Amino acid sequence: MPAAPSRRAVTALVTATALALATAACGSGSTLSSAEGSVITSFYPLQFATQQITGGALPVTVLTKPGAEPHDLELAPQDIAGMTRAKLVVYADGFQPAVDDAMAEVQPASVLDVADAAQLTLTAAEEEGHADESTAEHEAHDHGSADPHFWLDPQRYAAVAKVIGARLAADDPAHAAAYEKNTAAFVARLTTLDGELRTGLASCRSKVLVTSHAAFGYLAQRYGLEQHGITGISPDAEPSAAGLQQISDLVRKEGITTIFQETLVEPHLAETVAGSTGATVATLDPVEGITSASAGTDYFEVMRSNLSALQKGLGCS
Ligand SMILES: [Zn+2]
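As recorded in an unreviewed UniProt entry, the protein chain goes by the name Zinc ABC transporter substrate-binding protein, listed as coming from Terrabacter ginsenosidimutans. UniProt's Sequence similarities (unreviewed entry) comment on the protein chain is quoted here verbatim: "Belongs to the bacterial solute-binding protein 9 family."

What follows is the structure in structure tokens.
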């Protein structure tokens, strides 16, 4: 007979409903529900390029929150759950270990790795030029890994933007024409910036760029500068006393007047070198995130303020 549901069945039903509600509540407004149909990018330059290309046609989010240091990003379980539901996840393999690891959970069909397009040809050894280090120091610097900071070279950044644009157009044919147009406009702005950097850094009293973390290797290579990082490619790699001494000697020998520090990293190392050599400290922003402390509201503004800082610090005319 159609008796009232047993106590056990009711309990089960209540539990199921509670679970469903909890799941829904958890999802509303979080990465879980908003991830559906969105593009998730791993850090600011990929977010910015993707936003320029989609022009608002798709929601674009970023895993590295503004002001957070991207190299040692940690992901929460809901970040990874969001990545599994996104329309597309855009990242650069080899930059953020937590993101690389999370890719095991994401369908390969909804992933775009831009590392190849970025042509990550520099390693810590090449960009720091510490050819005389001992083997142990070499290993401590993790020389096997490529320098990820491709966006500081507008030409590499443009190559990455083209790959993102092509992928979005292929995945979303209804908007393909708009994505292609936006990509071309973004690349044109990067080409203009490239020209400004080339002209602005063509004639400088010094070509030696001493930075706190060695993020500017591609920029230095593109525009004929020589970068010496006080720390390595990852800013939390503390230099040895001998390494600091080596940099200080270089600063004195080359008559370097400005040490560049960056926005997201403690300035003490740059100040130590500056203090021992009489050089002053100026800020160079690796554009790994935009905050109220950034010298500009987006990539282009910050890069132009970097150009001004370089011209002043290196004595460019
Ligand atoms: Zn960096």
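Draft legend 1. Inspection of the nonpolar core at higher detail. Among the nonpolar cores identified, the biggest contains 54 residues, and F150, I164 and Y299 are the most heavily contacted of them. Residue contributions to this core peak at eight residues, all from helix α13 (residues 299–314). The two domains that each donate at least three residues to this core are domain 1 (31–191) and domain 2 (201–314). Setting aside its immediate chain neighbours within four residues, F150 contacts F43, L46, A92, V114, A118, L120, R156, Y157, V160 and Y218.

Draft legend 2. Seen up close, the state of the cysteines. Following the criterion strictly, the structure yields one disulfide and no others. One disulfide bridge connects C204 with C316, the sulfur atoms lying 2.1 Å from each other. Sign of the S-S torsion, about 95° for the bond between C204 and C316, identifies this disulfide as right-handed. With C204 in the loop between α9 (176–200) and β5 (208–211) and C316 in the segment after α13, the pair connects residues that are 112 residues apart, well separated along the chain. The class of C316 is buried, set by a relative accessible area of 15%.

Draft legend 3. Looking closely at unusual backbone geometry. One non-glycine residue with positive phi stands out, namely Q119, at about 50°. Judged by relative accessible area, which is 42%, Q119 ranks as partly exposed. If you check the backbone angles, V287 has positive phi at about 50° while not being a glycine. You can see V287 is positioned in the loop between β8 (280–283) and α13. With a relative accessible area of 0%, V287 lands in the buried category.

Draft legend 4. Representation of the pattern of salt bridges in the model. Tallied over the entire structure, the rule returns seven salt bridges. A salt bridge links R222 to D153, with the nearest nitrogen and oxygen atoms 2.8 Å apart. Separated by 69 residues along the polypeptide, R222 in helix α10 (residues 217–222) and D153 in the loop between α7 (135–140) and α8 (154–171) bring together distant segments of the chain. With a relative accessible area of 0%, D153 lands in the buried category. Among the charged side chains, a salt-bridge network with shared partners connects D153, R156 and R222.

Draft legend 5. Layout of α8. Spanning 18 residues, α8 covers 25 Å between terminal C-alpha atoms, matching the ideal 26 Å at 1.5 Å per step. Burial in α8 covers these residues: P154, R156, Y157, A158, V160, A161, I164, G165, R167, L168 and A169. The residue sitting at the N-terminus of α8 and contributing the capping side-chain oxygen is D153; that oxygen lies 2.9 Å from the backbone nitrogen of Q155.

Draft legend 6. Representation of the packing of aromatic side chains within the structure. Summed over the entire model, instances satisfying the criterion amount to 14 aromatic pairs. Residues F186 and F300 carry aromatic rings whose centres are separated by 5.8 Å and whose planes lie at 80° to one another, so their mutual orientation is edge-to-face. Taken together, the residues span a long stretch of sequence, with F186 in helix α9 and F300 in helix α13 at a distance of 114 residues. Given the relative accessible area of 2%, F300 is considered buried.

Draft legend 7. Focus on the packing of α9 against α13. For the pair α9 and α13, the least separation of the axes is 10 Å and the interaxial angle reads 5°. Judged on the interaxial angle alone, α13 and α9 are roughly parallel. In this structure, α9 contributes F186, R189, L190, T192, L193, E196, L197 and G200 to the contact, and α13 contributes Y299, F300, M303, R304, L307 and Q311. Its residues placed into classes, the contact of α9 with α13 shows eight nonpolar, three polar and three charged.

Draft legend 8. View of the confidence of the model for the protein chain. Residues at a pLDDT of 70 or more form 80% of the protein chain, whose mean pLDDT is 84. Within the model, the stretch residues 1–31 combines pLDDT values under 50 with seven contacts to residues more than four positions away or in other chains. Segment residues 126–144 is flagged for pLDDT under 50; beyond a separation of four residues in sequence, or across chains, it makes 31 contacts in the model.

Parameters and conventions
- Residues numbered from 1 in each chain as written.
- Predicted model: local features only at pLDDT ≥ 70, side-chain atom pairs only at ≥ 80, totals over all residues.
- Heavy atoms only, no water.
- UniProt positions renumbered as here; feature names shortened; annotations may be inferred.
- Core = buried A, V, L, I, M, F, W, Y, C linked by side-chain atoms within 4.5 Å.
- Buried < 20%, exposed > 50% of the residue type's maximum accessible area, 1.4 Å probe, protein only.
- Helix = DSSP H or I, 4+ residues; strand = E, 2+ residues; numbered from the N terminus.
- Domains from an automatic or database assignment.
- Contact = heavy atoms within 4.5 Å.
- Disulfide = S-S within 2.5 Å.
- Salt bridge = Lys/Arg side-chain N within 4 Å of Asp/Glu carboxyl O.
- Expected span 1.5 Å × (residues − 1).
- Polar contact = N/O pair within 3.5 Å; in protein donor to acceptor, adjacent residues only side chain to side chain.
- Phe/Tyr/Trp six-rings, centres within 6.5 Å; stacked < 30°, edge-to-face > 60°.
- Axes fitted to C-alpha atoms, helices over the stretch in contact; angles between N-to-C directions.
- Parallel < 35°, antiparallel > 145°, perpendicular 65-115°, else oblique.
- Nonpolar A, V, L, I, M, F, W, Y, C, P; charged D, E, K, R; others polar.
- pLDDT = per-residue confidence, 0-100.

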